[in-house]
Amino acid sequence: MAVSDVTFAVEAGEIVGIFGPNGSGKTTLLSLISGALKPTSGSIVFKTRTSLVGLPPHRIAALGIAKTFQNPQLFEELTTFEHLSVAGHLMVKRELGWRRIHTLLSSRLSRADRMPRRAEQVLELCRLRGVRDALAADLSYGQEKMLGVAMALMCEPDVLLLDEPASGLGNVEVVELERVLRDLRGEGTTLCIIDHQVKFLAKLADRAISLYHGTKIADGPPGEVLSDPRVVKAYLGEGHAAGPAA
Amino acid sequence: MSRNVLAQCALALAAVALPVFVKNDVVLTILVFSFLASILAVSFNLIFGITGQLSMFHAAAFGIGAYATYIAMHDLAVSFWTASALAAAFVVMVSLVIGAICFRFRLKAFYFAVVTLAFAEMARLVVVNWYSVTNGTLGINLSQRPVLAVLGRSITFESTLSWYYLALLALFATILVCGRCVDSWMGRCFAAIRLNDELGDALGINIFRYKLLAFGIGNMLAAFAGALYAYFLGSIQPAYLSVGQSLAIIAMVLLGGQRRVAAPVVGAIFLTLLPHIIDLSAEMRAVVHGAILIFAILLLPKGIVGTVETWVRRRAA
Amino acid sequence: MPQIVLGQLLNGAIVGTLYGILALGVTLTFSITGIVNFALGAFMMTGAYGTWYLTSVHGVPYGLAVPLATLGTAVIGLVADRALFRFTRNDLINGLLVSIGLIGVFDNVTLMIWTSTPHTIDVPVGGSVAVFGVYLPRMKLIVCAVLAAVVGATYFALRHTWAGRAAHSYAQAPEAAELMGVRTEFLQSSVFVYSTALAGLGGALYASLYSIDPTIGGPFVLKAIEGAILAGIGSVLGALIGGIILGVTESVGALFLPLSFGNAYGLVFLVLILLFRPNGLFAGRR
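It should be emphasised that the depicted structure is a prediction, and the values quoted were computed from it without experimental measurement.

### Considerations on the overall build of chain B
Here's step 1: Helix and strand counts for chain B stand at 13 helices and 4 strands.
Here's step 2: In terms of C-alpha radius of gyration, chain B reaches 19 Å, essentially the compact-globule figure of 20 Å for 317 residues.
Here's step 3: When its C-alpha atoms are laid out on the principal axes, chain B stretches across 50 × 45 × 45 Å.
Here's step 4: A total of 317 residues make up chain B; the buried ones form 53% of that total.
Here's step 5: Sequence-distant contacts, at least 24 apart, represent 76% of the contacts inside chain B between residues at least 6 apart.

### A closer look at the overall build of chain A
Here's step 1: Regarding its fold elements, chain A presents 12 helices and 8 strands.
Here's step 2: The globule rule puts the C-alpha radius of gyration for 246 residues at 18 Å, and the 19 Å found for chain A is close to it.
Here's step 3: When the backbone C-alpha atoms are referred to their principal axes, chain A occupies close to 65 × 40 × 30 Å.
Here's step 4: Of all 246 residues assigned to chain A, the portion counted as buried reaches 41%.

### Some thoughts on the packing of helix α2 (residues 25-50) of chain B against helix α9 (residues 207-233) of chain B
All names here are of chain B.
Here's step 1: Contact geometry for α2 and α9: axes closest at 8 Å, N-to-C directions at 165°. One element, α2, and the other, α9, form an angle in the roughly antiparallel class. Here the hand of the crossing between α2 and α9 comes out left-handed. Here V32, L36, I39, L40, S43, F44, L46 and I47 of α2 come into contact with α9, specifically with A214, F215, I217, G218, L221, A222, A225, L228, Y229 and F232.
Here's step 2: Of the residues that constitute the contact of α2 with α9, the class distribution is 16 nonpolar, 2 polar and no charged.

### Examining the interface of chain A and chain B
Here's step 1: The interface of chain A with chain B comprises 25 residues on the first partner and 18 residues on the second.
Here's step 2: Looking at the side of chain A that touches chain B element by element, the count peaks at 4 residues for helix α2 (residues 57-63) of chain A.
Here's step 3: In terms of residue class, the side of chain A that touches chain B is made up of 14 nonpolar, 7 polar and 4 charged.

### Examining the sheet that holds strand β7 (residues 207-212) of chain A
Residues and elements named next belong to chain A.
Here's step 1: In space, the 6 strands of this open sheet follow the order β4-β5-β6-β1-β7-β8, with mixed pairing throughout. A single partner strand is all that each edge strand has here, and the edge strands are β4 (65-67) and β8 (215-220). Here the average twist between neighbouring strands, direction ignored, is 15°.
Here's step 2: For strand β1 (residues 15-19) and strand β6 (residues 190-194), the ladder comprises 4 bridges, and the chain directions are parallel. Paired with G17 across the two strands is I193, which belongs to β6.

### Describing the environment of I76 of chain C
All names here are of chain C.
Here's step 1: Its place among the elements puts I76 in helix α3 (residues 62-83).
Here's step 2: Exposure remark for I76: the 19 C-beta atoms within 10 Å place this residue in the partly exposed category.
Here's step 3: Spatially, the C-alpha atom of I76 lies 12 Å from that of A199, the residues being 123 residues apart in sequence.

### A few points about the interface of chain C and chain B
Here's step 1: The interface is formed by 27 residues belonging to chain C together with 30 residues belonging to chain B.
Here's step 2: At the level of elements, α4 (92-114) and α11 (262-276) of chain C are the ones that each hand at least two residues to the side of chain C that touches chain B.
Here's step 3: The class makeup of the residues in the side of chain C that touches chain B is 21 nonpolar, 6 polar and no charged.

### Looking at the pairing of strand β1 (residues 128-131) of chain C
Residue and element names in this part refer to chain C.
Here's step 1: In this structure, β1 lies alongside strand β2 (residues 134-137), joined through 4 bridges in antiparallel fashion. Each bridged residue has a counterpart across the sheet, and for A130 the counterpart in β2 is Y135.
Here's step 2: Linking β1 to β2, which pair antiparallel, is a turn of 2 residues; within it F132 sits at a positive phi near 50°.

### Section: the pairing of β7 of chain A
All names here are of chain A.
Here's step 1: Summarising burial for β7: 5 of the 6 residues are buried, a large majority.
Here's step 2: Two strands pair when backbone bridges link them, and β1 and β7 are joined in this way by 4 bridges, in the parallel orientation. Across the sheet, residue F19 finds its bridge partner in β7, namely S210.
Here's step 3: Pairing of β7 with β8 involves 5 bridges; the strand directions are antiparallel. Directly across from Y212, in β8, lies its bridge partner T215.

### Quick notes on the confidence of the model for chain A
Residue and element names in this part refer to chain A.
Here's step 1: Predicted confidence across chain A gives a mean pLDDT of 84, with 92% of residues reaching 70 or more.
Here's step 2: Ranking the helices and strands of chain A by mean pLDDT puts helix α3 (residues 80-87) first, with 94, and helix α6 (residues 107-112) last, with 59.
Here's step 3: Segment residues 239-246: pLDDT under 50, and 12 contacts once partners within four positions in sequence are set aside and those in other chains are kept.

### Concerning the confidence of the model for chain B
Residue and element names in this part refer to chain B.
Here's step 1: The predicted model of chain B averages 89 in pLDDT, with 99% of residues at 70 or higher.
Here's step 2: Mean pLDDT across the secondary structure elements of chain B bottoms out at strand β2 (residues 147-150), with 77, and peaks at α9, with 95.
Here's step 3: The complex model carries a pTM of 0.88, and its ipTM stands at 0.87.

### With respect to the nonpolar core
Here's step 1: With 269 residues, the main nonpolar core has A150 of chain A, L36, A251 and L293 of chain B together with L22 of chain C as its most contacted residues.
Here's step 2: Discounting chain neighbours no more than four positions away, the residues touching A251 of chain B are L271, H289, I292, L293 and A296 of chain B.

### Quick look at the arrangement of the chains
Here's step 1: For this structure, the chain pair with the highest number of contacts among 2 pairs of chains in contact is chains B and C.
Here's step 2: As for chain C relative to chain A, no contact occurs, and the smallest C-alpha gap between them is 16 Å.

### Observations regarding the packing of helix α12 (residues 282-299) of chain B against α4 of chain C
Here's step 1: Their axes nearest at 8 Å, the elements α12 of chain B and α4 of chain C cross at an angle of 155°. The pairing of α12 of chain B with α4 of chain C is recorded here as roughly antiparallel in orientation. In the crossing of α12 of chain B with α4 of chain C, the sense of the turn from one axis to the other is left-handed.
Here's step 2: Of the residues in the contact of α12 of chain B with α4 of chain C, the class split is 16 nonpolar, 6 polar and 1 charged.

### Things to note about the environment of V60 of chain C
Residue and element names in this part refer to chain C.
Here's step 1: Relative to the helices and strands, V60 is located in the loop between α2 (40-58) and α3.
Here's step 2: Judged by local crowding, V60 falls into the partly exposed class, with 16 C-beta atoms found within 10 Å.
Here's step 3: Setting aside anything within four residues of it in sequence, one finds V60 in contact with L54, T55 and A65.

Definitions and cut-offs
Residues numbered from 1 in each chain as written. Chains lettered and ligands numbered in written order. Predicted model: local features only at pLDDT ≥ 70, side-chain atom pairs only at ≥ 80, totals over all residues. Helix = DSSP H or I, 4+ residues; strand = E, 2+ residues; numbered from the N terminus. Rg over C-alpha atoms; globule rule 2.2 N^0.38 Å. Buried ≥ 20, exposed ≤ 12 C-beta atoms within 10 Å, placed from the backbone. Contact = placed C-beta atoms within 7 Å. Axes fitted to C-alpha atoms, helices over the stretch in contact; angles between N-to-C directions. Parallel < 35°, antiparallel > 145°, perpendicular 65-115°, else oblique. Left-handed = near helix turned anticlockwise from the far one by under 90°. Nonpolar A, V, L, I, M, F, W, Y, C, P; charged D, E, K, R; others polar. Pairing = 2+ DSSP bridges. pLDDT = per-residue confidence, 0-100. Core = buried A, V, L, I, M, F, W, Y, C linked by C-beta atoms within 7 Å.

See below:
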């Protein structure tokens, strides 16, 4: 079982870092929260009231939880800006509701909605303005990852789940990513980040959670967790150094 | 983009003005058939090229539309327009049921094709066997003509010229409907489904709902095409629902192009005109459809319109 | 009453072996080349027409016509593979479309040459034999035995010959097999051609029992696919069993519902299976 005994809570506005060796269940955990996988038992509760278990991913996204993918998921054939337009679906839905059917009959309504302007803002925020009209296929790996974050932002999430956002990025890109994430937290978004790069997580996170073989073994401020003997054993015992992993 | 629009407007005007210069009844008849085929192709493309779902049910929607229109006119004594609207509504209902079954079960693209094929075959079997209603393999000969009451006068669609404009108008309407859908938020959802439905789901798009929408709208338009085709031709056969008919529609779309709403028109006109330029028997025509299908998949994956567009873009770069 | 049921059962089982040989072709093609070759029905029709052509027009003895027709079909299969299906490996949708296009070509070329008039050949082996008190034509039993033997031989070959084991290992783990030196393209072509040969053989034997016309392929391949799915794609013996189950269901069912709905059974079966076992299917591969 990929995830078998994990219990934790995330406060609004926190940045929580989740880390652990390969196979510890980190990605599975995010997939469970986002609805891509269904749990066989247990509960996932959002904002104290809403149970997420059994809801399809698009419903969970609509509730305010957005996710990025470890391997960047894109729409081949579309440009960066078009990606954001697609991702703006929830915005259009929230703003117009059923009246969006009207936009089929007259363009006037659609010209007024906020979504395209928000898309331009997000482009700016994620430093993707330069590749606005480039095809997804032509983006660098770092840009692809930022596009993933940008698309998640278009969903106007309360909670952003990030699956290894820094992996594969060069040092400069990691700094940019950090800046974006801090800006987001400043706006009040709650972040839940998985990564291998422990230093990156430790710098950014308010709280760290360590997973090992699908079980939570530590939970607390990053400094404490990283020096927790169980955590160190989990890493060294697996042959991983407690540092930037492959 | 605006060059594209200008070209389309020019073509549209040319089509409207054509009968002024071309009086030949045979040519006009062929053009009517090609407009109706275009409606089929464009509506199929909404499901296949735009949303990425290979449906083998399109010919069945076409045929059911035809038969249902006849039944409504015959049994309920309503006008052609009401009858075809009822037929289209019926086809939409059937599509919703089939679509709900297929999409709820999250059938992957290939299985969707096989299941829609099975449903289409079942529909054809029903038509062939329900002799009392459909006259089975003999088909139905139609004597009535659509009549439109407007401004105190009534127009009977009898002459080729009247059908030319009716079919052309229907084609414009189809392209307009599909175009408005594709250029809107709906089209973005369709593209997401086609390109990466898991990502679309994660971004808040209800994949099930939009697949159903594409399927429903596409089949509805096919039903209207069926009604028009039947009353223009003057007869309805179970062959309307055959796999061969689906094959022809797919060939038109693959040949014309899948990414632009109106691209399939090119394929439809070409394939409708072809047997008249080169004298082809019905069997030979089917062979050509098969061959074009294969040719288009292997050598011309973007279709004529797509390939021309890429070529033009490369020239400009 | 039970005698009739028994009779239907046995006849259904025999028809089922015909479905089974085609189902074997479907399952092999899918396991090794990653597509479902709908055109196998058309290849079957080709084998049938080839046999009829040789025996009725050229007087070739049936026993010789069958292998010749099978060989001829395999040659056409080879051409189709090198010219077309080589480019659709593992591409289910394009493979489907190309095979449907091919069906259109085959069916209509046959229609043009020989029209839709059904043709029959004289039954090479006459007389009937009593099986469990039911009289069955000898020819049907021969067909059944031949097909079962071929399926059995295929199974044996897959297990005990180098070529067969290579194919088997490729189906399980394509990259590993490639690394071990299995010549992938050759393997895929061979299996594709072999499955068309199986279809051709099925058609050749079909011609000895029933009248043939250009449309026989369509319903058959659909049932073959159903049979293959029923048993679990990737299973050789399962393909035969699946085909037999389908044949028996149809035949026995025909006692209760009008014959024209025979095709519908398989279709309903197919839809139900694909809806309720979408992941467990195609187990040998993905």
